[in-house]
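# Secondary and tertiary structure notes
As a plain string of letters, each chain reads:
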Amino acid sequence: MESVDQVFTFFNKVIGIERLKVIHANDARGELGSNLDRHEHIGKGILGETGFRAIINHPLIVKYDIPFILETPENDEGDFIINLAKMRELAL
């Protein structure tokens, strides 16, 4: 996704990707600018599988081996395991 590349390229230019220590990851229920902090399961929100695949596999994220912290809903027993499995599936 072009927008993901633009964000990481800009971040690298202004701050330096080597300073990025962790990515807080969750999919979102609300659109950008909605001022909603409603988390969704990985691949089931606005970012979707395409967005997460672009983030997880971005060359700068892979090169610097940036870890992710997932903050997703737990509606049912095992939801966290399902979200972790989805992240693994999306990684190339």
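None of these values were measured; they are calculated from a predicted model.

To continue, consider helix α2 (residues 48-56). For α2, every residue scored as buried is listed here: Gly48, Gly51, Phe52, Ala54, Ile55 and Ile56. The inward-facing, buried residues of α2 abut α1 (2-14), β1 (23-25), β2 (27-28), α3 (59-63), β4 (68-70) and α4 (79-90).

Considering only enclosed or pocket space, the largest pocket measures out at about 640 Å³ in volume. Looking at the largest pocket, it is lined by 27 residues, and the ones nearest its centre are Asn26, Ala28, Leu32, Leu47 and Ile55. For the lining of the largest pocket, the elements supplying multiple residues, two or more each, are α1, β1, β2 and α2. With four residues, the top contributor of residues to the lining of the largest pocket is α1. Partitioned by chemical class, the residues of the lining of the largest pocket number 13 nonpolar, nine polar and five charged.

With that settled, consider unusual backbone geometry. We note that Asn35 has phi near 60°; this positive angle belongs to a residue other than glycine. Inspection of the secondary structure puts Asn35 in the loop between β2 and β3 (39-40). Even without being glycine, Asp65 reaches a positive phi, approximately 50°. Within the fold, Asp65 resides in the loop between α3 and β4.

Time to look at the side chain of Asp79. Checked against the element boundaries, Asp79 lands in helix α4. A polar atom in the side chain of Asp79 sits 2.8 Å from the backbone nitrogen of Asp76. When near neighbours in sequence (up to four residues on either side) are disregarded, Asp79 contacts His41, Pro73 and Glu74.

A word on the environment of Lys21. Summarising the element assignment, Lys21 is placed in the loop between α1 and β1. Judged by its relative accessible area of 61%, Lys21 is exposed. Residues Lys21 and Ile66, 45 residues apart in the sequence, show an inter-C-alpha distance of 6.2 Å. Here Glu18 takes part through its backbone oxygen, which lies 3.1 Å from a polar atom of the side chain of Lys21.

Definitions and limits used
- Residue numbers restart at each chain and count upward from 1, following the sequence in its written direction.
- It should be noted that, the model being predicted, local features are given only for residues of pLDDT at least 70 and side-chain atom pairs only at 80 or more, the latter also being counted only at that level, while totals for whole chains, interfaces and linings use all residues.
- Values reported for side chains reflect all heavy atoms of the structure, with hydrogen atoms and water molecules removed beforehand.
- When accessible area is computed with a 1.4 Å probe and restricted to protein chains, residues below 20% of their type maximum are described as buried, those above 50% as exposed, and intermediate ones as partly exposed.
- Strands are runs of DSSP state E lasting at least two residues, helices are runs of H or I lasting at least four, and both sets are numbered from the N terminus onward.
- Working rule for contacts: check all heavy atoms of both residues, and any pair within 4.5 Å makes them a contact.
- Using only the protein atoms, space was sampled on a 1 Å grid; points where a 1.4 Å probe fits but cannot get out form cavities, open sets with protein on both sides within 12 Å along at least five of seven lines form pockets, and lining residues are those with an atom within 4 Å of a point.
- Grid points are joined across faces, edges and corners, and a volume is the space filled by probe spheres set on the points.
- Amino acid classes used here: Ala, Val, Leu, Ile, Met, Phe, Trp, Tyr, Cys and Pro are nonpolar; Asp, Glu, Lys and Arg are charged; the rest, including Gly, are polar.
- Counting of polar contacts relies on pairs of N or O atoms within 3.5 Å, with two restrictions inside protein: one atom must be capable of donating a hydrogen and the other of accepting it, and residues adjacent in sequence are counted only when both atoms are side-chain atoms.

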